[in-house]
Amino acid sequence: MMSISDVAKQTGLTAKTIRFYESKGVISAAPRGTNGYRYYNASHIAELLLIKRSRMIGFSLDECQQLLALSTNPDRHSRDVKQKAQQKLIEIDLKIEELKQIKLTLAALTDQCPGDKSAHCPILESLTKNG
């Protein structure tokens, strides 16, 4: 059994994050000792690492919870996991395209701005105009 600070060190997550995941039911509840402290075990570490790594590659907390459920389900099918990963790839591709458009717009606005001591600023004018 490990304390929350030990788990935080092993996972690279903060104690606050670990408590949040537990309060939201994302990870299984840690039993409490007679002193009221939570005590974690190796399965909690595995759950937290799966969540942390899933978050790092773009999965939402709800999606992480679904992946965690699949990871503990002995009757799971790899196609279900692959389908979730493929859907995430599609979402990431769409986000990349959105970011490219944002970059082009911001670059065009930046090019229009003289960047001198005058009050005239095409960037602000564009951001504040109607339509």
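Computed from a prediction, not measured in an experiment: that's the story for all the values here. (Residues numbered from 1 in each chain as written. Predicted model: local features only at pLDDT ≥ 70, side-chain atom pairs only at ≥ 80, totals over all residues. Heavy atoms only, no water.)

Residues Val7, Ile18, Tyr21, Ile27, Tyr40, Leu48 and Ile51 are the most contacted members of the largest nonpolar core, which totals 20 residues. Contributing elements (two or more residues each) for this core: α1 (4-11), α2 (15-23), α3 (42-56) and α4 (61-71). The contact partners of Tyr40, leaving out residues within four places of it in the chain, are Met1, Met2, Ser3, Ile4, Val7, Ile18, Glu22, Ile27 and Ala30. (Core = buried A, V, L, I, M, F, W, Y, C linked by side-chain atoms within 4.5 Å. Buried < 20%, exposed > 50% of the residue type's maximum accessible area, 1.4 Å probe, protein only. Helix = DSSP H or I, 4+ residues; strand = E, 2+ residues; numbered from the N terminus. Contact = heavy atoms within 4.5 Å.)

Attention shifts here to the UniProt feature "coiled-coil region" (unreviewed entry) in the chain. UniProt records the feature "coiled-coil region" (unreviewed entry) at residues 82-112, using the numbering of this structure. The span residues 82-112 carries 100% helix and 0% strand; its end-to-end C-alpha distance comes to 45 Å. (UniProt positions renumbered as here; feature names shortened; annotations may be inferred.)

Looking now at the environment of Arg38. Position of Arg38 relative to the elements: it lies in the loop between α2 and α3. Spatially, the C-alpha atoms of Arg38 and Ile18 are 11 Å apart, while their sequence positions differ by 20 residues. When near neighbours in sequence (up to four residues on either side) are disregarded, Arg38 contacts Met2, Ser3, Ile4, Arg19, Glu22, Ala30, Pro31 and Arg32. For Arg38, the side chain forms a polar contact with the side chain of Glu22, separated by 3.1 Å. (Polar contact = N/O pair within 3.5 Å; in protein donor to acceptor, adjacent residues only side chain to side chain.)

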